[in-house]
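# Summary of structural features
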Amino acid sequence: MDSTTSRREFLSAGLMLPVVGAGSKMGLWPLTGEPDARSGAPAKLEYRVLGKTGLKVTTLGFGCMITSDPSVITRAADLGVNYFDTARGYQHGNNERMVGAALGAKRKQVVLSTKSEAGDKASLLKDLDTSLGELKTDYVDIWYLHSKDHPSDIRDDMIEAQQIAKKQGKIRFAGMSTHALPKQLEWTAQKKAFDVVLTVYNFAMDRSMDEAIAAVAKTGTGVVAMKVMAGGFKSLKPTDPTYQKLKRDGAMLAALKWVINRPNISTTIPSMTDMDQLDENLQAMGNAYAAGDEKLLAAHLEMIRPLYCNMCGQCEGTCQKGLQVANTLRILTYADGYRQFGLARERFKELPARHAEVRCGDCAECTVKCPFGVQVSSRMARAQELFA
Amino acid sequence: MRLLSLLLTIACAAGLAHAQDYLDCRFAPGWEQTGAKRLYTPDNLYDYKDGGAEGYLAFSFVRMESMDCKSGKDTLSIDISDMTDADSAFGIFSANRDLRLPVSKIGMGGQIEAQSASFAKGKYYVEITELAADRNADESATMQSLARKIEGLLEGQVTTPKTLEWFPKEGLTSARLIPESVLGMRLLKRGYVAKYAQGQAFVVLEASPESAADVLKKVRDRFDGATDAKVGDEGFQAKAQYLDGICIFRKGSYVAGYANMADPAKAAELAVQLATRIP
């Protein structure tokens, strides 16, 4: 689906609606409180069609995984957010139970998705029945095979389970969630096994993701984006100065807007903890990714530059221990940047044996000087700590 | 300097060796290790726990040691997480436990199920998850055996956090640590919440009475029509759209109260009782 065209169609059809009550007092959130996000113009609801499912979903969905209180979910539904995502495995089922209770009578007015990590037909179907009970519903709109990162993770009987569930009316659409979409094009773009794909996607990722998403969307498969704020944000503790900077300067909102405004993305499911975050994220709908956002994200990338090697090759041959510096730092990026720890570990093992034996901390002074300011010694030490 | 370095190395090695002692498949008869032990940190936990990693990070996760075991066609994994302190370890246990099942006396609290077990002791949170060929098989004896052995080897607190004792027991359905945004409000950063058949109570500890007073004022500003309530050092009550009848007060460095009550007066009545239990 061409999301740009879709958005234009919806705009002309009057389907971009102001969120009544967002940014207003409502008996709970007066303008006099924090944060500043509430003091702006009311957010607008922006809808897109989720591929061949035909479901009209708000571009801002709701990831319920870490929500602190059910009232946040209830309020999001009241404000018009209409896509809610949970999973069988989140908090051992407690999350599904909270989502079901929070949506209550509004359940049929929203698109509800859950997931199962089970590895065979019988276990999947058993999980689905449990999910329906916890969510207090007769059906889920989208049921994902959870976290399938390799083609071999998916078997024919798992697809069969989804088809059976469809026939039974327990699910409306079949989906798959993945952190490695480019590896899953056989199942998604070629076999067209799913109605919807839930994929990691954010501004910090390799641009090859754009091609993979385009290939999937071309088949009519709906694309939902997760981890849209980039995982690195989440792993920072609130006491970390970088975390505070990102919170303060609106980089998270910019990151969300970046994803929402990319082609082929129907909706997003940022995890939302509280009312404040909901209010902030609502501002991403109906707002273009502007020059100011570009600056914020560029600044963030600049901030992480000391951590990331751009593979210029100027350091090769300068390590007194004979280590392949650029290759090692590239491999470290798989783990730190793209969270592909398994892949990084495999690649590290392919390096000559000395890479697992040398410890950079043993050298009195590092002979490698990066012209772009990458902190080579500490980054190499980190790679050794993680993989060696 | 060299001596100090040597001593530190020995201390680290001893610590590591001890840390690995409690990961042993042979604690359950008939089980043996398969594959290498694994170590996860906040940087690579996503690789193992997917989106569920966020739930660990929210509770001050430091590191996790994992091991897979097998017995015939059955496999199980043991995950032992260092959660910084006992509050956080109990916090993640109480967030993940099955609310419909009783809590067993293992460490600060635990649950043994047919094919899984979990408990918290000191700063450690332990999970044992079996993937049995027969998903209906009752493997609770194996779960019990592993959990008890591991608990015996781990050091740390076995009593539940004292804050939980302040909540009334009558009608209590669950009590847990909310790692951020109590009642869905970022101002109420981290605290314990007790859920009842009707309503919920909470206690948040601030750094000082002054910061607690500042938080209370900001929270009050968010509620239309809030009126003073004679609770603790200062307090208010209100009727809110999503939290129904509320009463929130400050006592010393604590901000606490009741929400989701039928009316603010009832919330205030219960808040007075809660205030008397807070030191």
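Residues numbered from 1 in each chain as written. Chains lettered and ligands numbered in written order. Predicted model: local features only at pLDDT ≥ 70, side-chain atom pairs only at ≥ 80, totals over all residues.

### Here we look at the overall build of chain B
Within chain B, the secondary structure is distributed over seven helices and 13 strands. Across its three principal directions, the C-alpha atoms of chain B cover 65 × 60 × 30 Å. When burial is assessed residue by residue, chain B has 47% of its 279 residues classed as buried. (Helix = DSSP H or I, 4+ residues; strand = E, 2+ residues; numbered from the N terminus. Buried ≥ 20, exposed ≤ 12 C-beta atoms within 10 Å, placed from the backbone.)

### Concerning the overall build of chain A
Scanning chain A for helices and strands turns up 16 helices and 12 strands. Looking at the 388 residues of chain A, the share that counts as buried comes to 50%. For chain A, long-range pairs separated by at least 24 residues make up 73% of all intrachain contacts whose partners lie at least 6 apart in sequence. (Contact = placed C-beta atoms within 7 Å.)

### So, the domain arrangement of chain B
Residues and elements named next belong to chain B. Domain parsing of chain B yields domain 1 (19-153) and domain 2 (162-277). Once you take the C-alpha centre of each, domain 1 and domain 2 turn out to be 33 Å apart. Between domain 1 and domain 2, the contact holds eight residues from the first and seven residues from the second. A breakdown of the residues in the side of domain 1 that touches domain 2 according to their chemical character gives five nonpolar, two polar and one charged. (Domains from an automatic or database assignment. Nonpolar A, V, L, I, M, F, W, Y, C, P; charged D, E, K, R; others polar.)

### Focus: the pairing of strand S13 (residues 254-261) of chain B
All names here are of chain B. Most of S13 is tucked away, with eight of its eight residues classed as buried. As paired strands, strand S9 (residues 200-205) and S13 are joined by six bridges and run antiparallel to one another. Bridge pairing in S13 links Gln-200 to Ala-259. Note that strand S12 (residues 244-251) and S13 share six bridges and pair antiparallel. Of the residues in S13, the one forming a bridge with Lys-251 is Tyr-254. Count of turn residues in the S12/S13 antiparallel hairpin: two residues, of which Gly-252 carries a positive phi of about 60°. (Pairing = 2+ DSSP bridges.)

### Some thoughts on unusual backbone geometry
Not every positive phi belongs to a glycine, and Lys227(A) is a case in point at roughly 50°. Following the sequence through the fold, Lys227(A) ends up in the loop between strand S11 (222-226) and helix H8 (231-235). One non-glycine residue, Ser181(B), lies in positive phi territory at about 60°. With respect to the helices, strands and loops of the structure, Ser181(B) is situated in the loop between strand S7 (172-178) and strand S8 (191-196).

### Some thoughts on the packing of helix H4 (residues 121-135) of chain A against helix H5 (residues 156-167) of chain A
Residues and elements named next belong to chain A. Packing of H4 against H5 leaves a shortest axis separation of 8 Å and a crossing angle of 35°. Remark: the crossing between H4 and H5 carries right-handed chirality. Residues Lys-121, Leu-124, Leu-125 and Leu-128 of H4 pack against Asp-157, Met-158, Glu-160, Ala-161, Ile-164 and Ala-165 of H5. Grouping the amino acids of the contact of H4 with H5 by side-chain chemistry returns seven nonpolar, no polar and three charged. (Axes fitted to C-alpha atoms, helices over the stretch in contact; angles between N-to-C directions. Left-handed = near helix turned anticlockwise from the far one by under 90°.)

### Focus: the nonpolar core
Formed by 165 residues in total, the largest nonpolar core has its most connected members in Ala147(B) and Cys247(B). Take this core: its biggest share by element is nine residues, from helix H10 (residues 251-260) of chain A. Excluding its chain neighbours within four sequence positions, the residues that come into contact with Ala147(B) are Ile106(B), Gly110(B), Ile112(B), Ala117(B), Phe119(B), Val126(B) and Ile128(B). Counting 17 residues, the second-largest nonpolar core is a separate cluster that includes Leu323(A), Leu329(A), Val368(A) and Cys370(A). (Core = buried A, V, L, I, M, F, W, Y, C linked by C-beta atoms within 7 Å.)

### Details of the sheet that holds strand S5 (residues 62-63) of chain A
Remark on secondary structure: sheet strands pair via backbone hydrogen bonds, oriented parallel or antiparallel. Residue and element names in this part refer to chain A. Pairing is parallel in the open sheet, where eight strands are placed in the order S5-S6-S7-S8-S9-S10-S11-S12. Here the strands that pair on one side only, and so sit at the sheet edges, are S5 and strand S12 (267-268). As judged from the two bridges shared by S5 and strand S6 (residues 83-85), these two strands associate in the parallel manner. In the strand pairing of S6, Gly-63 is matched with Asp-85. Those strands touched by H4 are strand S7 (111-116) and strand S8 (140-145), and its axis lies near 140° from that of S7.

### As for the sheet that holds strand S6 (residues 124-131) of chain B
Residues and elements named next belong to chain B. An order of S1-S2-S3-S6-S5-S4 is seen for the six strands of this open sheet, with the pairing classed as antiparallel. Each edge of the sheet is formed by a strand with only one pairing partner; in this case those strands are strand S1 (32-40) and strand S4 (109-112). Looking at each pair of strands side by side, their axes are set apart by 10° on average, direction ignored. Pairing of strand S2 (residues 63-71) with strand S3 (residues 74-82), which is carried by nine bridges, proceeds in the antiparallel orientation. Residue pairing in the sheet places Met-64 in a bridge with Ser-81 of S3.

### What about the environment of Gln109(A)?
Here Gln109(A) lies in the loop between helix H3 (94-103) and S7. Sequence separation between Gln109(A) and Leu329(A) is 220 residues; the distance between their C-alpha atoms is 48 Å.

### Some points on the environment of Glu134(A)
All names here are of chain A. For Glu-134, the position within the fold is in helix H4. Considering only alpha carbons, one finds Glu-134 and Arg-88, 46 residues apart in sequence, at a separation of 9.1 Å. Excluding residues that lie within four positions of it along the chain, Glu-134 makes contacts with Gly-93, Glu-96, Arg-97 and Gly-100.

### Section: the pairing of S2(B)
Residues and elements named next belong to chain B. Alignment of S1 against S2, held across six bridges, turns out to be antiparallel. Its bridge partner lying in S2, Tyr-40 is registered against Met-64. Linking S2 back to S3 in an antiparallel pair, the connection comprises two residues, with Gly-72 at a positive phi of about 65°.

### Here we look at helix H6 (residues 209-221) of chain B
Residue and element names in this part refer to chain B. Over its 13 residues, H6 extends 18 Å from the first C-alpha to the last, a length consistent with the 18 Å expected when each residue adds 1.5 Å. Listed as buried for H6 are Ala-212, Val-215, Leu-216 and Val-219. All buried residues of H6 fall inside an arc of 100° around its axis, so they share one side. Contacts made by the buried residues of H6 are with strand S11 (234-240), S12 and S13. (Expected span 1.5 Å × (residues − 1). Arc of directions from axis to C-beta.)

### A look at helix H11 (residues 275-282) of chain A
Residues and elements named next belong to chain A. Of all eight residues that make up H11, eight are buried, and the element is covered over most of its length. Along H11, the positions that sit buried rather than exposed are Met-275, Asp-276, Gln-277, Leu-278, Asp-279, Glu-280, Asn-281 and Leu-282. Packing partners of the buried residues in H11 comprise helix H2 (70-79) and H10.

### Here's the deal with the confidence of the model for chain A
Here chain A averages 81 in pLDDT, while 77% of its residues score no lower than 70. Across residues 20-40 of chain A the pLDDT falls below 50, and counting only partners more than four positions away or on other chains, this stretch makes 49 contacts in the model. (pLDDT = per-residue confidence, 0-100.)

### A closer look at the packing of H2(A) against H11(A)
Residue and element names in this part refer to chain A. Closest axis-to-axis distance for the H2/H11 pair is 10 Å, and the angle between their directions is 30°. In this view, H2 runs roughly parallel relative to H11, as classed from their interaxial angle. Judged by the twist between their axes, the crossing of H2 over H11 is right-handed. Across the interface between the two elements, Val-72, Arg-75, Ala-76 and Leu-79 of H2 pack against Met-275, Leu-278 and Leu-282 of H11. Of the residues belonging to the contact of H2 with H11, the class tally is six nonpolar, no polar and one charged. (Parallel < 35°, antiparallel > 145°, perpendicular 65-115°, else oblique.)

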